[in-house]
Amino acid sequence: MNAPPELDLLHRAGADSGSLVRIPPADSVPLSPRVRRIMDTAALRRLAGISQLGMVSLVYPGAMHTRLEHTLGVYQNALRFLARFRGDPVAAGWLDQRHSDALILAALVHDLGHWPFCHPIEDMQLESVARHEHRVGQMIRTGELARCIEEDWNCDATDVDRLLNPPQADDATDRDFDDGFRFLASCLSGPIDIDKLDYLQRDSLHCGVDYGRNFDAGRLISSLVVDPATRRLAVGEKGRTAAEMMVFARYIMFSEVYWHHAVRSATAMLQRSVFLLHNRLDLNATFKLADAEWIALLRRTGQGSLAEPMVEGLFGARRQLFKRVAEFSVLSGAEIHQRLARRPHRWLVALCQRVAEQLSRDSGVAVAPADVLIDAPPVKLEVDINTTVLFADGRTSTLGDVSPVAAVLARQQFDNVVKRVRVFVRPDLRDPLRTTYPTSDHWSELLIQCVNQTESEGV
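Attention here is on the structure that accompanies the text. Not measured: the values here are computed from a predicted model. (Residues numbered from 1 in each chain as written. Predicted model: local features only at pLDDT ≥ 70, side-chain atom pairs only at ≥ 80, totals over all residues. Heavy atoms only, no water.)

Now for the overall build of the protein. Helix and strand counts for the protein come out as 23 helices and 9 strands. Here the protein has a C-alpha radius of gyration of 24 Å; the compact-globule value for 459 residues is 23 Å, and the two agree. Judged by the C-alpha coordinates and their principal axes, the protein covers about 75 × 50 × 45 Å. When each of the 459 residues of the protein is scored for burial, the buried share is 55%. If you take every contact in the protein between residues at least 6 apart in sequence, the share linking residues at least 24 apart comes to 73%. (Helix = DSSP H or I, 4+ residues; strand = E, 2+ residues; numbered from the N terminus. Rg over C-alpha atoms; globule rule 2.2 N^0.38 Å. Buried < 20%, exposed > 50% of the residue type's maximum accessible area, 1.4 Å probe, protein only. Contact = heavy atoms within 4.5 Å.)

This is how it looks when you write it as structure tokens:
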């Protein structure tokens, strides 16, 4: 059985400069003619204008890398996974040309549905805004991409969509979702996958921090195995420490980068701006825009509105972020965290109105509803961080059962550990409000009072 041409290029990386493209950190990514055709389509080129990390660059200025760079990294990891498993006694039987091609293509197109700042906007769960994952299937069935797949690849768009949107465990309607697709889907999205292996290290590199690179990716990949019970990706005993370090790296990246308090202030400002303006915006019509075009549209739409100060504070000449006045986690402020986490965005906006009214009464300072932002863990949960460990004698366990570090994160929902509830106010209000609300206990009492009021009103 012939290997995909990209695997041959991977083995010869460095020998033929015409078949390579360089991405940080000094990686040589092999491109075959058929991959170049995919990369040159308008759909893929659009990703060069979409930031990988969005608001993070307001705190970490180096975080300006694009989803196109990330796509190349994920594609390279797909080749590394295929190279690892082509000689595996279990997986090798599944990795024919059809399945291998489907994984390579899925890696190349997995981010096509992204649009500027789509993650925080999707977390708001506005009506009529489709999730980016479900848009890829439509995009690969028409136009340039459909022609490329039909002419160059040994699979079809449905095969690729199977990997990107696999059926639920109890769904037996897709008869073609065999062990090969089940295994490769877990390589694309799971506790350890080709996506996380890239973004943790790449985001860490561009942010200028070491948190996401403190695990041995090479050791981890070489130790990957097939879980004989589930036919999904697992880790061999020798890779346990590397897997443990990856779990911890992900936790630290969320804590110190993705959920950094200033990043979340900017995120909350963006969400409130979109909430205030979404009736003036056709968000579905913005799906094909790059960052610069989307930002320009938002700034034009926000002119003269309540959202304008926030939009200009994010994207105008001067950075003006809302300031944190209170913060609550499951370790300090568990009741607030429990009562506000995973609430719909519309409910949080209503709560902010009650908080603003009470702040105005108690402090004598005029506080408008748009002056208060509450950021809380969104409705959608993160992917489970636990994974199966396969021992040399055939025993299996979970990483949480064999690792004291991973156990805490595996058994307590990841979102509850790293994602905090925060209250932000307009910058010039922070100091005046501290006179009336100097401690977290004061803010906790205020929030509980306003939560009870919001719930009693049936919002």
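All right, on to the sheet that holds strand E5 (residues 323–328) then. Sheet architecture is open: 3 strands sit in the order E5-E9-E6, paired in antiparallel fashion. Every interior strand has two partners, whereas the edge strands, E5 and strand E6 (372–375), have only one. Here the average twist between neighbouring strands, direction ignored, is 20°. Relative to E5, helix H23 (residues 440–456) is tilted by about 80°, and along the sheet it contacts E5, E6 and strand E9 (421–425). (Pairing = 2+ DSSP bridges. Axes fitted to C-alpha atoms, helices over the stretch in contact; angles between N-to-C directions.)

This brings us to the packing of aromatic side chains. The tally for this structure, following the rule as stated, stands at 9 aromatic pairs. Taken together, a centroid distance of 4.9 Å and an interplanar angle of 80° make the contact between phenylalanine 85 and phenylalanine 183 edge-to-face. With phenylalanine 85 in helix H4 (residues 67–85) and phenylalanine 183 in helix H10 (residues 179–188), the pair connects residues that are 98 residues apart, well separated along the chain. Across this residue pair, the class does not change: phenylalanine 85 and phenylalanine 183 are buried. When the centroid spacing of 5.7 Å and the interplanar angle of 50° are considered together, the rings of tryptophan 94 and phenylalanine 183 count as tilted. Residue tryptophan 94 is found in the loop between H4 and helix H5 (97–109), and its partner phenylalanine 183 is found in helix H10; the two are separated by 89 residues along the sequence. Assessed through its relative accessible area of 14%, tryptophan 94 is described here as buried. Phenylalanine 183 sits in the buried class, given a relative accessible area of 1%. Taken together, the aromatic side chains of Phe85, Trp94 and Phe183 make up a single cluster linked through ring pairs. The lysine or arginine in question, arginine 34, covers the ring of tryptophan 153, its NZ or CZ lying 3.7 Å from the ring centre. Over the ring of phenylalanine 181 we find arginine 162, and its NZ or CZ is 5.6 Å from the ring centre. (Phe/Tyr/Trp six-rings, centres within 6.5 Å; stacked < 30°, edge-to-face > 60°. Lys NZ or Arg CZ within 6 Å of the ring centre and 35° of its normal.)

Our focus in this paragraph is the pattern of salt bridges. Under the criterion given, the structure shown has 29 salt bridges. One salt bridge connects aspartate 161 with arginine 141, and the closest N-O pair in it is separated by 3.6 Å. Note that aspartate 161 is positioned in helix H9 (residues 157–164) and arginine 141 in the loop between helix H7 (136–139) and helix H8 (143–152), a separation of 20 residues in sequence. Residue classification places aspartate 161 among the buried residues on the basis of a relative accessible area of 18%. (Salt bridge = Lys/Arg side-chain N within 4 Å of Asp/Glu carboxyl O.)

Attention now goes to the state of the cysteines. According to the stated counting rule, one finds 0 disulfides in the structure shown. The cysteine cysteine 207 is free of any disulfide, with cysteine 118 supplying the nearest cysteine sulfur at 17 Å. Distance from the sulfur of cysteine 352, which forms no disulfide, to the nearest cysteine sulfur (cysteine 450) is 9.7 Å. (Disulfide = S-S within 2.5 Å.)

With that out of the way, let us pick up unusual backbone geometry. A cis geometry characterises the amide bond from proline 24 onward to proline 25, with omega recorded as -5°. Following the sequence through the fold, proline 25 ends up in the loop between strand E1 (20–23) and strand E2 (27–30). We note that arginine 342 has phi near 65°; this positive angle belongs to a residue other than glycine. Among the secondary structure elements, arginine 342 is positioned in the loop between helix H17 (334–340) and helix H18 (345–363).

Right, let's talk about the packing of helix H14 (residues 261–277) against H18 for a bit. Between H14 and H18, the least distance of the axes is 11 Å, while the angle of their chain directions is 95°. Considering their axes alone, H14 and H18 lie roughly perpendicular with respect to each other. Listed contacts from H18 to Gln271, Arg272 and Phe275 of H14 are His345, Arg346, Val349 and Cys352. In the contact of H14 with H18, the residues fall into 3 nonpolar, 2 polar and 2 charged. (Parallel < 35°, antiparallel > 145°, perpendicular 65-115°, else oblique. Nonpolar A, V, L, I, M, F, W, Y, C, P; charged D, E, K, R; others polar.)

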